[in-house]
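An overview of the molecular structure
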Amino acid sequence: MLSRKGIIPEEYVLTRLAEDPTEPSWLLFAMVWWLIAFSHGDLAPGEGTAVPCVTSIHSFSSAFLFSIEVQVTIGFGGRMVTEECPLAILILIVQNIVGLMINAIMLGCIFMKTAQAHRRAETLIFSKHAVITLRHGRLCFMLRVGDLRKSMIISATIHMQVVRKTTSPEGEVVPLHQVDIPMENGVGGNSIFLVAPLIICHVIDSNSPLYDLAPSDLHHHQDLEIIVILEGVVETTGITTQARTSYLADEILWGQRFVPIVAEEDGRYSVDYSKFGNTVKVPTPLCTARQLDEDRSLLDALTLASTRGPLRKRSVAVAKAKPKFSISPDSLS
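Here the structure is a predicted model, which means the values were calculated and not measured.

Parameters and conventions
- Along each chain, residue indices are assigned from 1 in the same order as the chain's sequence is written.
- In keeping with the model being predicted, local features are shown solely for residues with a pLDDT of at least 70 and side-chain atom pairs are shown and tallied solely at 80 or more, while totals for entire chains, interfaces and linings include all residues.
- Only heavy atoms go into the side-chain values, all of them from the structure, while hydrogens and water stay out.
- Numbering of helices and strands runs from the N terminus, with a helix taken as a DSSP run of H or I at least four residues long and a strand as a DSSP run of E at least two residues long.
- Contacts were defined at the residue level, with two residues in contact if any of their heavy atoms lie within 4.5 Å.
- As used here, the term nonpolar core means buried Ala, Val, Leu, Ile, Met, Phe, Trp, Tyr and Cys residues forming a set that is joined through side-chain atoms within 4.5 Å.
- Only protein chains enter the area calculation, which uses a 1.4 Å probe; residues under 20% of their type maximum are buried, those over 50% are exposed, and those in between are partly exposed.
- Strands are labelled as partners when DSSP assigns at least two bridges between them.
- The axes are straight lines fitted to the C-alpha atoms, using for helices just the contacting stretch, and the angles between their N-to-C directions are given from 0 to 180°.
- Residues with no salt bridge and a relative accessible area higher than 30% make up the patches, which join like charges within 9 Å and nonpolar side chains (Val, Leu, Ile, Met, Phe, Trp, Tyr) within 5 Å.
- Here the open area of atoms and residues is found with the Shrake-Rupley method and a 1.4 Å probe, where only the protein chains shown may cover a residue.
- A side-chain nitrogen of Lys or Arg and a carboxyl oxygen of Asp or Glu constitute a salt bridge if their distance falls within 4 Å.
- The predictor rates its confidence in each residue with pLDDT, a number between 0 and 100.
- Each cavity reported here is a set of points on a 1 Å grid over the protein atoms alone in which a 1.4 Å probe fits but cannot get out, each pocket an open set with protein on both sides within 12 Å along at least five of seven lines, and each lining residue one with an atom within 4 Å of a point.
- Grid points are joined across faces, edges and corners, and a volume is the space filled by probe spheres set on the points.
- In the scheme used here, Gly and all other residues not listed as nonpolar or charged are polar, with Ala, Val, Leu, Ile, Met, Phe, Trp, Tyr, Cys and Pro taken as nonpolar and Asp, Glu, Lys and Arg as charged.

1. Observations concerning the side chain of T123
Structurally, T123 is set in the loop between α5 (117-121) and β1 (124-126). The contacts of T123, once residues within four sequence positions are left out, are G146, D147, L148 and R149.

Next comes the structure, spelled out in structure tokens:
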């Protein structure tokens, strides 16, 4: 199965996000305001110009308090910038812009951590195996997908691709050749309504990359992988989430079908997720879809064999059945 992990460990990312970047900003600009007051002579008692650059700054502590006032709010009390120093006005503008940027970054980090789109993707599940079986007289590739949460995925779409190693007529080797797989969908396109577990079906026809796939090709030595991507918008947060899985050749079961898991009880539907990936064997021709299209008699012979099988079993069962009633000799006299 596909798995994606970041290069930076998650613990390091969480630690960095937990740090407050506003404190170093306050200290940095407090040092700048103190240097402006020191260079202008506002810190020397009884000396310097009559009008200071910033009023009521007498020490580094007062410069730090003024830095907090500038970054948090524009309404000042006893400390304010005067028109004596143009540099002080420029620093005031710069600190306000930096404060807005820090607030925007912190808000984005908090929103991303609370939304947790990757956690929502973990509740979108796929069946462990995919199957190939008959549906409406055609060979179909099928898999099951479900959602474990009650909140829905809006505008859910699903895409499938075949990835295999190919060689072009010119002799170029393409190690990861990707081909899209069309899906059978009544509403058109790749959109699905994931209100309950669905069986995603792909009809293997002449336009399918699986047209020449035979049961003998489904082994671990076969260079074949089918990638499935489910993407949609989380209903509660509006963030796009994506869940991915893939099926290797030995994870595709030929001649099996998914068991039903949706049942109606007292006018309500219930889903048995304990049988989500269970399959049962069904009669399926052991040939490629191309061979089945060229010789439809294979399907007729399979249908005839499947109808005769239960009749023979039923006749044997009747022959071995014991009588339900017994006649005693006393009742005949």
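2. Some points on unusual backbone geometry
At S56, a position not held by glycine, the phi torsion is positive, near 65 degrees. Within the fold, S56 resides in the loop between α2 (22-40) and α3 (60-72).

3. Points about the nonpolar core
Counting residues in hydrophobic clusters, the biggest one holds 39 residues, and the most contacted among them are F141, L143 and L230. Top element by residues in this core is strand β4 (residues 153-167). It accounts for five residues. Apart from residues no more than four positions distant in its own chain, L230 is found in contact with L124, F126, V145, A156, T157, I158, I192, L194, T241, Q242 and A243. Formed by 14 residues, the second largest nonpolar core is a distinct cluster that contains V54, A63, F66 and I91.

4. Some thoughts on the sheet that holds strand β5 (residues 173-181)
Pairing is antiparallel across the open sheet formed by four strands, whose spatial order is β5-β4-β7-β8. The sheet is open, and its two borders are formed by β5 and β8 (240-248), each paired with just one other strand. Adjacent strand axes in the sheet meet at a mean angle of 25 degrees, parallel and antiparallel pairs treated alike. Where strand β7 (residues 225-234) and β8 come together, nine bridges link them in antiparallel fashion. Following the sheet pairing, V233 is matched in β8 by T240.

5. With respect to a nonpolar patch on the surface
Together, L148, V262, Y269, V271 and Y273 give the surface a local cluster of nonpolar side chains, amounting to about 470 Å² of exposed area. With respect to the helices and strands, Y273 occurs in the loop between β12 (268-271) and β13 (279-281).

6. Some thoughts on the confidence of the model for the protein chain
Put simply, the protein chain has an average pLDDT of 78, and 77% of its residues get 70 or more. When pLDDT is averaged over each helix and strand of the protein chain, the minimum, 39, is found for helix α1 (residues 10-18) and the maximum, 94, for strand β9 (residues 252-254). Across residues 1-19, where pLDDT falls below 50, the model places 15 contacts with residues more than four positions away in sequence or in other chains. Below a pLDDT of 50 lies the segment residues 309-333, which in the model reaches one contact outside its immediate sequence neighbourhood of four places, other chains included.

7. Points about the layout of surface pockets
Roughly 290 Å³ of volume is contained in the second largest pocket. Around the second largest pocket, the lining is made up of 14 residues, and of these D147, R149, V195, A196 and Y273 lie nearest the centre. Class assignment of the residues belonging to the lining of the second largest pocket gives a composition of ten nonpolar, one polar and three charged.

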